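# Architecture at a glance
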Amino acid sequence: MKSVASAPAKIILFGEHFVVHGTKAILAAIDKRVTVTSSFTENKTIKINSQLGTLEVPMSSSHEEVKSELRPFVYLANKMINSHQDVNGLEITVNSDIPIGVGLGSSSACCVAATASISGLFNELSRKEIINLSIEAEKTIFPDTSGADCTVCTYGGKIVYPSIEKIGNTFDLNLLIANSMIPHSTKSSVEKVNKFKENDEERFSQLCELENGLIDEVIYAIKANDVPTGFENTDRSLHNRLQEEEKDGREHFLGKKMSENQKYLEEIQVSNDTLRDMISSLSEISLGSKITGAGDGGCIIALIKDENMDKVPELLGKGKECFSVKIDTKGVVWETEK
Ligand code: PMV
């Protein structure tokens, strides 16, 4: 019996770091995925095959003994095997097209896909149960996680966190991701922000308020501009033109808000010269841009009109990677083959 699950990568459109301290965030799942395949073996081991290497530990091992990024898999395997005494071994294989350690939620997507895949061998879980268990698994490597990443990887689409409200599903954004190729550690960036907060509680709480206000404006704008119902049956060309105008106006507004959000991220010191250079090199063609994820390296996102996309590689210069993304609407998907 084989259980296969896949989950999407994510970007944070607004609210990274502040979300760890209780503000809202807006996230989107994107069209890059990790696939996890699980099957029973007779080897009395938990074996994990992934791009990070292969790990094989006795069934009795605790995840705490595993000193690697593969710890969440051992945690999940133990958790599910423990309630089923008849299991003699488990093999988990991870295949991913999500770049690792650059703010696109690779580890959360792995935790979500692994939870769905392993549980598929036993009792299928609901999406809510998948979120809870995958967040527990992620906490074995990053105890301070806000849980936002696992949530969007599970549900797909664009969501507001923590309310898990899906927004703006009637339109797509021309989003570009540019990778600085500098790996980052989410844990150390989050610790740095904790220090900023300790040193200046008052300013940090002002920034949290500003971030929340900005996100409320964005949610309002996205909802207000969703296609009004009833239009579909009237004049189609007028409807299409209005939609185009709305998309244009909405993109300019969202771009402006992204750049405003970037100022807050600069202030809490999770940016660096490379990221600032990338943002300014795109400024002539982007409607707005910002870090996505923990910062200190990793990726930026930018809103770029279709007609300007081909100018991006030259503007960014050598040594960077860039690609445009589509929003994933499926979230985690899974199937079991007998
Ligand atoms: O860089 P990533 O993909 O690990 O995203 C981190 C996002 C933070 O807000 C900094 C942390 C969190 O758990 O929300």
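Residues numbered from 1 in each chain as written. Predicted model: local features only at pLDDT ≥ 70, side-chain atom pairs only at ≥ 80, totals over all residues. Heavy atoms only, no water.

### Things to note about the overall build of the chain
Selection criterion: Think of it this way: any DSSP run of H or I at least four residues long counts as a helix, any run of E at least two long counts as a strand, and we number them from the N terminus. With C-alpha atoms as the basis for the radius of gyration, the globule rule is written as 2.2 Å multiplied by the number of residues raised to the power 0.38. Exposure classes here rest on a 1.4 Å probe applied to the protein chains alone. A residue is buried below 20% of its type maximum, exposed above 50%, and partly exposed in between. We call two residues in contact when some of their heavy atoms are within 4.5 Å. Residue exposure ignores everything except the shown protein chains as possible cover, and the areas themselves are Shrake-Rupley values with a 1.4 Å probe.
Counting its regular elements, the chain contains 9 helices and 12 strands. For 338 residues, the compact-globule estimate of 2.2 N^0.38 gives 20 Å, and the chain sits close to it at 21 Å. In terms of its C-alpha atoms, the chain occupies a principal-axis envelope of roughly 60 × 55 × 40 Å. Within the chain, the fraction of its 338 residues that count as buried is 53%. Considering only contacts within the chain whose residues lie at least 6 apart along the sequence, 76% involve residues at least 24 apart. Only carbon and sulfur atoms are counted for the fraction: they give 48% of the accessible area of the chain, which is about 14,900 Å².

### Considerations on the site of the ligand
How we decide: In these notes, residues near a molecule or strand are those with any non-hydrogen atom within 4 Å of it. Throughout this description, a polar contact denotes any pair of N or O atoms lying within 3.5 Å of each other; where both atoms belong to protein, one of them has to be capable of donating a hydrogen while the other can accept it, and for residues adjacent in sequence the pair is counted only when both atoms sit in side chains.
In the vicinity of the ligand lie 18 residues, with Lys10, His17, Ser146, Thr186 and Ala294 positioned nearest. Lysine 10 places a side-chain nitrogen or oxygen 2.7 Å from an oxygen atom of the ligand. With respect to the ligand, the backbone of alanine 294 contributes an N or O atom lying 2.9 Å from an oxygen atom. The protein chains hide 94% of the 390 Å² of surface that the ligand would expose on its own.

### Some words on helix α4 (residues 148-155)
Counting buried positions over the 8 residues of α4 gives 7, a clear majority of the element. Looking at the buried residues of α4, the elements they touch are β1 (2-14), β2 (25-40), α2 (106-121), α3 (127-139) and β6 (158-161).

### Considering the sheet that holds strand β8 (residues 175-179)
Put simply, the rule reads: Only when DSSP finds a minimum of two bridges between them are two strands counted as paired. Convention adopted: a line fitted to C-alpha atoms gives each axis, helices being fitted over their contacting stretch, and angles between N-to-C directions are expressed from 0 to 180 degrees.
With antiparallel pairing, the 4 strands of this open sheet are ordered in space as β9-β10-β8-β11. Of all strands in the sheet, those with a lone pairing partner are β9 (286-292) and β11 (321-325), marking the two edges. Across the sheet, the axes of successive neighbouring strands diverge by a mean angle of 25°, strand direction being ignored. Relative to strand β10 (residues 299-304), β8 runs antiparallel, the two being bridged by 5 bridges. Along β10, the bridge assignment pairs alanine 178 with isoleucine 300.

### Some remarks on the packing of aromatic side chains
The geometry of two aromatic rings is summed up by the distance between their centres and the angle between their planes. So the rule is basically this: Pairing of aromatic side chains here covers Phe, Tyr and the six-membered ring of Trp, requires ring centres within 6.5 Å, and sorts the geometry by plane angle: under 30 degrees stacked, over 60 edge-to-face, intermediate tilted. We count a charge as sitting over a ring when the NZ of a lysine or the CZ of an arginine lies within 6 Å of the ring centre and within 35 degrees of the ring normal.
Considering all chains together, one arrives at 3 aromatic pairs under this definition. When the ring centre of phenylalanine 323 is taken as reference, the NZ or CZ atom of lysine 32 above it lies at 4.6 Å.

### A word on the domain arrangement of the chain
To be explicit about the condition: These domain limits were set by an automatic method or by a database of domain assignments. Defined here as a combined quantity, buried area equals the accessible surface (1.4 Å probe) lost by two parts on assembly, summed across both. The working definition used for a salt bridge is a side-chain nitrogen of Lys or Arg within 4 Å of a carboxyl oxygen of Asp or Glu.
Here the chain is partitioned into domain 1 (2-167 + 329-337) and domain 2 (175-325). Between the C-alpha centres of domain 1 and domain 2 the distance comes to 26 Å. Contact with domain 1, which involves 28 residues of that partner, is made by 43 residues of domain 2. Across the interface of domain 1 and domain 2, roughly 2,900 Å² is buried in total on both sides, 72% from carbon and sulfur atoms. Its largest share of buried area at the contact with domain 2, domain 1 owes to Phe14, His17 and Phe18, together 26% of the area lost on that side. On inspection of domain 1 and its partner domain 2, the count reaches 3 salt bridges.

### Things to note about α3
Rules: The span one expects for a helix is its residue count, reduced by one, times 1.5 Å.
Taking 1.5 Å per residue as the helical rise, α3 with its 13 residues ought to reach 18 Å, and the 18 Å between its terminal C-alpha atoms agrees with that figure. Taken as a whole, α3 has its buried residues at Ile130, Ile131, Leu133, Ser134, Ile135, Ala137 and Glu138. Check the buried side of α3 and you find it contacts α1 (71-81), α2, α4 and β12 (333-337).

### A short note on the environment of glutamate 337
Counting through the fold element by element, glutamate 337 comes out in strand β12. Judged by its relative accessible area of 35%, glutamate 337 is partly exposed. Here the alpha-carbon distance between glutamate 337 and leucine 133, two residues 204 residues apart in the chain, equals 23 Å. Beyond its immediate stretch of four places on either side in the chain, glutamate 337 contacts Met1, Lys2 and Val4.

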